[in-house]
Amino acid sequence: VQLQASGGGLVQAGGSLRVSCAASGSFLGINVMSWHRQVPGKQRELVAGISPGGTTNYADSAKGRFTITRDNTKNTVDLQMNNLKPEDTAVYYCRVGARTARGLLDVWGQGTLVTVSS
């Protein structure tokens, strides 16, 4: 199972970005899909997650500004980020729980850098 993330970049404070992640490979299905972020020197933190049925959860810092969505037919998960702040600058990683014939795999994408300038 592989994850390909895209959509990071540089944006001014107050702007918007959308990061996307697509799962590919051999699997039976995808459980929870989520986005995490990490700043150098700090722990990776959960930004938002979404269940197969569409139930979402957000970090307090993301509530009201970020929206996570998924397309179960394409095995993709997107994170729409609005009203971005400099403190949102980080490498963003997607993560999925993939059901395979060997069991449940915890898979991380390669990360995409989001930089918010003040």
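Here's a quick rundown of the structure. (Residues numbered from 1 in each chain as written. Predicted model: local features only at pLDDT ≥ 70, side-chain atom pairs only at ≥ 80, totals over all residues. Heavy atoms only, no water.)

### Observations regarding the environment of Thr67
- Take Thr67: it is sitting in strand E7 (residues 66-71).
- Classification of Thr67 by relative accessible area gives partly exposed; the value is 38%.
- Each C-alpha atom of the pair Thr67 and Asp78 lies 8.1 Å from the other, and the pair is 11 residues apart in sequence.
- Dropping the residues within four chain positions of it, Thr67 is found in contact with Tyr58, Asp78, Leu79 and Gln80. (Helix = DSSP H or I, 4+ residues; strand = E, 2+ residues; numbered from the N terminus. Buried < 20%, exposed > 50% of the residue type's maximum accessible area, 1.4 Å probe, protein only. Contact = heavy atoms within 4.5 Å.)

### Thoughts on the packing of aromatic side chains
- This model, assessed by the stated rule, comprises 1 aromatic pair.
- Taking the ring centre of Tyr93 as reference, the NZ or CZ of Arg44 above it sits at 3.6 Å.
- Between Arg44 and the ring centre of Trp108, over which it is positioned, the NZ or CZ distance is 4.7 Å. (Phe/Tyr/Trp six-rings, centres within 6.5 Å; stacked < 30°, edge-to-face > 60°. Lys NZ or Arg CZ within 6 Å of the ring centre and 35° of its normal.)

### Some points on the pairing of strand E4 (residues 29-38)
- Burial analysis of E4 places 7 of its 10 residues in the buried class, the great majority of the element.
- Here 8 bridges tie E4 to strand E9 (residues 90-100), and the two strands are oriented antiparallel to one another. Opposite Gln38, over in E9, you have Val91 as the bridge partner.
- Two elements, E4 and strand E5 (residues 45-50), share 5 bridges in a ladder whose sense is antiparallel. Bridged to Trp35 within E5 is Ala48.
- From the end of E4 to the start of E5, which pair antiparallel, there are 6 residues, and Gly41 there has a positive phi angle of about 90°. (Pairing = 2+ DSSP bridges.)

### Focus on the state of the cysteines
- Taken as a whole and assessed by the stated rule, the structure comprises 1 disulfide.
- A disulfide bridge connects Cys21 with Cys94, and the sulfur atoms are separated by 2.0 Å. Sign of the S-S torsion, about 50° for the bond between Cys21 and Cys94, identifies this disulfide as right-handed. Taken together, the residues span a long stretch of sequence, with Cys21 in strand E3 (residues 17-24) and Cys94 in strand E9 at a distance of 73 residues. Assigned by exposure class, Cys21 and Cys94 land together as buried. (Disulfide = S-S within 2.5 Å.)

### Some details on the sheet that holds strand E8 (residues 76-81)
- Sheet architecture is open: 4 strands sit in the order E1-E3-E8-E7, paired in antiparallel fashion. A strand with exactly one partner marks an edge of an open sheet, and here the two such strands are strand E1 (2-6) and E7. The average angle at which neighbouring strand axes cross in this sheet is 15°, direction not considered. (Axes fitted to C-alpha atoms, helices over the stretch in contact; angles between N-to-C directions.)

### Quick notes on the environment of Arg102
- Along the chain, Arg102 falls in the loop between E9 and strand E10 (103-108).
- Given the relative accessible area of 74%, Arg102 is considered exposed.

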